[in-house]
Amino acid sequence: MTDEPVYLDYQATTPIDPRVRDVMLPWFDEMFGNPHSSDHAYGWAAEQAVEEARIHIAELIGAKPNEITFTSGATEANNLAVKGTVRAITPDRNHVVTCATEHKCVLESCARLEREGFTVTYLPVEKNGLLDLELLENVLSDRTALVSIMAVNNEIGVIQPLTEIASLCTRVGALFHTDAAQAVAKMPIDVNVMGIDLLSISAHKLYGPMGIGALYVRQKPKIEIEPLLDGGGQERGLRSGTVPAPLAIGFGEACRIGLENISEEAHRITLLRDQFLAQIFGSLDDVKLNGDLEKRIPGNLNLSFPDIDAQDLMMRLPSIALSSGSACTTSSVASSHVLQSIGVEKRLLHNAIRIGFGRFTVEKEVHFAAKEIIQAVLSLKNVTQIYEKN
Ligand SMILES: *Cc1c(COP(=O)(O)O)cnc(C)c1O
């Protein structure tokens, strides 16, 4: 083991793949052209590489390159998808449906639409974190403009039934957007097979660089979107601003590698995850898994340890980088809206940790982490018992 903590926080961000970094470097250096400069070779080279990247991104989700719009990340893609479509749609469709466990950037975009006069339904989820399709069906109508449901939850890793949601949307003529930041390159996605109209991606969740992402927008039939930014009209007018060529090119390479490895990687990570769980469940008897075990990406576990404060636990684990609740909101002491939504009891809300495995996780790290967590939990239990006796 090196001195660096073992990284088990792959839902917060993934380390950049060295192959991605290598592909990016020349574009920070001698190949510095603006991809929108059409008058010289610097610009042409950057443009060509950016368009190749766009092809790789599209291929990973079964889309066409002209359906991919670069953004600064999934936050911006979600804002553009949710606010951009609803603001541009005909006034007789003024209803939006989302769910309680969405990422804050979707929930806050919906809240802004409410302030603008639109109606938003926030669907609850079941105890396993999954959407109840009957509830969804019941709230949909010919007034529904957009349904935005995430593909994979960033805290508890559960996979929503995207194909079924899409077909319910089709029946009432509503658009279907999915925040797929945690899903792309982790599970097979085909926007056509699944019937997805808009889909958000983040490069730094799939071993690419931070600061770039994309929104997939179906081209046929055409979807009207009001842009968030006014400017030079790049990205077919949807997203003004210079596309950051080095980041876009790295993002493309990350998608190319992701597509190549997707099933083998999922298999390898599932084995590691199962070894970890077996070790934990073998030594601790009252651990609770949050979120469905089957309908879940392999690289995520969310575990509650009754009577153990997650902050105390992590303080005893300086050699492991993991997260309590969600790292995606800045106030770490607030209880997780996701755990609350799946009905985790109040006294257990601060007892949960999120463990994320990924491409660079190896077996000995998993064993080490499980051993450390077990020891820390047992010692904290002893402290609690001694305290209770006195
Ligand atoms: C990380 C994440 C985001 C935000 O992505 P950025 O690219 O960091 O803006 C949005 N949704 C989900 C589900 C995420 O995991």
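Student: Could you give an account of the site of the ligand, with specific residues and numbers?
Tutor: Every one of the 13 residues lining the ligand counts as a neighbour, but Thr-75, Asp-179, Gln-182, Ser-202 and Lys-205 are closest to it. Within the backbone of Ala-74, one N or O atom sits 2.8 Å away from an oxygen atom of the ligand. Considered on its own, the ligand offers 380 Å² of accessible surface; in the complex 89% of this is hidden by protein. Ranked by the residues each element gives to the shell around the ligand, the list is headed by helix H3 (residues 74–88), at three residues. The residue inventory of the shell around the ligand, partitioned by class, reads three nonpolar, eight polar and two charged.

Student: Please give an account of the packing of H3 against helix H4 (residues 104–115) that cites residues and values.
Tutor: Helix-helix packing is described using two parameters, namely the angle between the two axes and the distance between the axes. As a packed pair, H3 and H4 sit with axes 9 Å apart at the nearest point and diverge in direction by 25°. As the angle between them shows, H3 and H4 are arranged roughly parallel. When the axes of H3 and H4 are compared, the crossing they make is right-handed. For the pair formed by H3 and H4, the contact residues are Thr-75, Asn-78, Asn-79, Val-82, Lys-83, Val-86 and Arg-87 on the first element and Cys-105, Val-106, Ser-109, Cys-110, Arg-112 and Leu-113 on the second. Here the residues of the contact of H3 with H4 sort into six nonpolar, four polar and three charged.

Student: Residues and numbers for the domain arrangement of the protein chain, please.
Tutor: The domain architecture assigned to the protein chain consists of domain 1 (6–12 + 261–389) and domain 2 (18–257). Using only C-alpha atoms to locate each centre, domain 1 and domain 2 end up separated by 29 Å. Both faces combined, the contact of domain 1 with domain 2 buries some 2,600 Å², and carbon together with sulfur accounts for 56% of it. Counting the contacts that link domain 1 with domain 2 gives zero salt bridges. At the level of elements, helix H8 (245–283), strand S10 (300–304) and helix H10 (337–341) are the ones that each hand at least two residues to the side of domain 1 that touches domain 2. Across the side of domain 1 that touches domain 2, the residue classes break down as ten nonpolar, 14 polar and six charged.

Student: Go over helix H2 (residues 41–60) with me, naming the residues and quoting the values.
Tutor: Relative to the 28 Å expected for 20 residues at 1.5 Å per residue, H2 spans 29 Å between its end C-alpha atoms, a close match to the ideal helical length. Three or more residues of H2 are buried, namely Gly-43, Ala-46, Ala-49, Val-50, Ala-53, Arg-54, Ile-57, Ala-58 and Leu-60. Next to the buried residues of H2 lie helix H1 (18–28), strand S2 (68–71), strand S7 (198–202) and H8.

Rules behind the numbers
- Residue positions within a chain follow its written sequence, with the count starting from 1.
- Totals for whole chains, interfaces and linings use all residues, but because this is a predicted model, local features are given only for residues with pLDDT of at least 70 and pairs of side-chain atoms are given and counted only at 80 or more.
- To obtain the side-chain values, all non-hydrogen atoms of the structure were used and water was disregarded.
- We define proximity as follows: a residue is near a molecule or strand when any one of its heavy atoms falls within 4 Å of that partner.
- In protein, a polar contact means a hydrogen-donor-capable atom and an acceptor-capable atom, both N or O and within 3.5 Å, with residues adjacent in sequence counting only if both atoms are side-chain atoms; elsewhere, any N or O pair within 3.5 Å suffices.
- Reported accessibility uses the Shrake-Rupley method at a 1.4 Å probe radius. Residues are deemed covered only where the shown protein chains occlude them.
- Every helix listed is a DSSP run of H or I at least four residues long, and every strand listed is a run of E at least two residues long, numbered separately from the N terminus.
- The classification used treats Ala, Val, Leu, Ile, Met, Phe, Trp, Tyr, Cys and Pro as nonpolar, Asp, Glu, Lys and Arg as charged, and all other residues, Gly among them, as polar.
- Axes, fitted as lines to C-alpha atoms, cover a helix only where it is in contact. Angles between the N-to-C directions of the axes lie from 0 to 180 degrees.
- By definition in this entry, angles of less than 35 degrees are roughly parallel, angles greater than 145 are roughly antiparallel, angles of 65 to 115 are roughly perpendicular, and the rest are oblique.
- Working rule for handedness: look at the near helix, and if it is turned counterclockwise from the far one by less than a right angle, call the crossing left-handed; if clockwise, right-handed.
- Contact between two residues is taken to exist if any of their heavy atoms lie within 4.5 Å; hydrogens are not considered.
- Where each domain starts and ends follows an automatic or database-derived domain assignment.
- As a working definition, buried area equals the accessible area (1.4 Å probe) given up by two parts on being put together, with both sides summed.
- We count a salt bridge whenever a side-chain nitrogen from Lys or Arg sits within 4 Å of a carboxyl oxygen from Asp or Glu.
- Multiplying 1.5 Å by the residue count of a helix minus one yields the expected span of that helix.
- For each residue, the accessible area found with a 1.4 Å probe, counting protein chains only, is set against the maximum for its type, and the residue is called buried under 20%, exposed over 50%, and partly exposed in between.

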